[in-house]
Amino acid sequence: MTQDELKQAVARAALNYVVDGAIIGVGTGSTANFFIDELGKIKQRIKGAVASSEATAARLKSHGIAVFDLNEITHMPVYIDGADEIDASGAMIKGGGGALTREKIVASVAEKFICIADGSKLVEVMGTFPLPVEVIPMAQAVVSRALKAMGATPILRLKEGVPYVTDNGCFIIDAAGLRITQPAILEQQINDLPGVVTNGLFARKGANVCLLGMADGVKTMTF
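Residues numbered from 1 in each chain as written. Predicted model: local features only at pLDDT ≥ 70, side-chain atom pairs only at ≥ 80, totals over all residues. Heavy atoms only, no water.

Draft legend 1. The arrangement of the side chain of Thr28 in detail. Relative to the assigned elements, Thr28 resides in the loop between β1 (23–26) and α2 (30–39). With a relative accessible area of 16%, Thr28 lands in the buried category. Polar side-chain contacts of Thr28 include one of 2.7 Å to the side chain of Ser52. At a separation of 3.0 Å, a polar atom in the side chain of Thr28 contacts the side chain of Thr56. When neighbours within four sequence positions are excluded, Thr28 is seen to be in contact with Ser52, Ser53, Thr56, Asp81, Ala99 and Glu103. (Helix = DSSP H or I, 4+ residues; strand = E, 2+ residues; numbered from the N terminus. Buried < 20%, exposed > 50% of the residue type's maximum accessible area, 1.4 Å probe, protein only. Polar contact = N/O pair within 3.5 Å; in protein donor to acceptor, adjacent residues only side chain to side chain. Contact = heavy atoms within 4.5 Å.)

Written as structure tokens, this is what we have:
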């Protein structure tokens with residue numbers, strides 16, 4: 001199976017976690033896009049969705065799925081999203097698509113986080129995928145120096161030769177070269193740096209379930 005076929009398989013499997021009549025949280029990225037396309041086929045079963053990015057909101061609306069502002073929501077049973085890396089504890093690196101802050105906010109409201117990913121995303125130790133850190137633009141240099149002191153190689157994310165700007169009007173520094181053995185501790189340490197909005201470690205509140213697309217089918221991991 002191709003990587004896209006694996007992503008589509010876990011996207012279909014995630015429909016089993018959709019709660020009828022509810023508003024669900026939906027993430028951002030290639031695997032989440034497959035899920036949105038599958039969700040569109042059963043849109044009559046749900047009230048609507050909360051999107052973690054402008055791109056996700058547009059894709060949901062293209063399928064005729066109502067999109068709600070998170071401020072209108074008091075209860076959300078499930079948040080479904082992909083991961084750039086996930087370990088055996090359910091801790092994840094997210095943010096390759098640039099939506100880490102909104103993803104973390106929406107996920108914090110949901111009762112369950114369902115991670116959907118192809119099998120290559122499961123790792124013993126995270127850090128091969130550079131850790132995204134969203135920063136206030138004026139803090140880019142100072143945060144980069146702090147990340148370097150932590151052992152990372154900070155790389156300002158660019159798009160078409162200029163700094164990539166998130167939906168929140170911020171920059172992203174990709175912290176490469178880390179070996180993340182204590183993800184919850186590192187998540188807090190980086191978040192405590194002045195100028196950091198948040199970072200892409202989802203460890204203090206990781207996945208509850210991970211659906212992994214493998215060559216022999218979808219593997220379910222619970223945490």
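Draft legend 2. Summary view of the sheet that holds strand β3 (residues 76–81). Judged by pairing direction, the sheet is mixed, and its six strands sit side by side in the order β2-β1-β3-β6-β14-β15 without closing on themselves. Edge strands, defined here as strands with exactly one partner in the open sheet, are β2 (48–51) and β15 (217–222). Taking the axes of each pair of neighbouring strands and ignoring which way they run, one obtains an average angle of 25° across the sheet. Looking at chain direction, strand β14 (residues 209–214) and β15 are connected through six bridges and run antiparallel. Across the sheet, residue Leu211 finds its bridge partner in β15, namely Thr220. Helix α1 (residues 3–14) contacts β3, β6 (110–118), β14 and β15 of the sheet and is inclined by roughly 145° relative to β14. Docked against the sheet, helix α3 (residues 54–62) engages β1 and β2, running at close to 160° with respect to β2. (Pairing = 2+ DSSP bridges. Axes fitted to C-alpha atoms, helices over the stretch in contact; angles between N-to-C directions.)

Draft legend 3. Representation of the environment of Ala57 in the model. Inspection of the secondary structure assignment puts Ala57 in helix α3. On the accessibility criterion, Ala57 (11% relative accessible area) is buried. Once you skip the residues sitting within four places of it in the chain, Ala57 turns out to touch Ala51 and Val67.

Draft legend 4. Spatial organisation of the nonpolar core. With 25 residues, the main nonpolar core has Val18, Phe35 and Leu39 as its most contacted residues. Broken down by secondary-structure element, the contributors of at least two residues to this core are α1, β1, α2, β2, α3, β3, β6 and β14. Not counting the four nearest positions on each side in its chain, Val18 is found in contact with Ile24, Phe35, Leu39, Ile42, Arg45, Ile46 and Ile80. In terms of nonpolar packing, the next biggest core, distinct from the first, is built from 21 residues, Val135, Ala152, Ile190 and Leu193 among them. (Core = buried A, V, L, I, M, F, W, Y, C linked by side-chain atoms within 4.5 Å.)

Draft legend 5. Fine view of the side chain of Asn199. Of note, Asn199 is situated in strand β12 (residues 196–199). There is a polar contact of 3.0 Å between the side chain of Asn199 and the backbone oxygen of Glu187. Polar contacts involving the side chain of Asn199 include one to the main-chain amide nitrogen of Leu201, which spans 2.9 Å. Once you skip the residues sitting within four places of it in the chain, Asn199 turns out to touch Leu100, Lys104, Leu131, Pro132, Val133, Glu187, Ile190 and Asn191.

Draft legend 6. Fine view of the packing of aromatic side chains. Overall, the coordinates contain two aromatic pairs when judged by the stated rule. Ring centres of Tyr79 and Phe113 lie 5.1 Å apart, and the angle between their planes is 75°; on these two criteria the pair is classed as edge-to-face. With a gap of 34 residues between them, Tyr79 in strand β3 and Phe113 in strand β6 connect regions that are remote in the sequence. Ring geometry for Phe113 versus Phe202: centroids 6.3 Å apart, planes at 75°, classification edge-to-face. Placement of the pair is Phe113 in strand β6 and Phe202 in strand β13 (residues 201–202), with a sequence separation of 89 residues. Classification of Phe113 as buried rests on a relative accessible area of 1%. Through a chain of ring-to-ring contacts, three or more aromatic side chains come together here, namely Tyr79, Phe113 and Phe202. Here the guanidinium or amino end of Lys94 rests over the ring plane of Phe202, the centre of that ring lying 5.6 Å away. One Lys or Arg, Lys104, reaches over the ring of Phe202 and ends 5.0 Å from the middle of that ring. (Phe/Tyr/Trp six-rings, centres within 6.5 Å; stacked < 30°, edge-to-face > 60°. Lys NZ or Arg CZ within 6 Å of the ring centre and 35° of its normal.)

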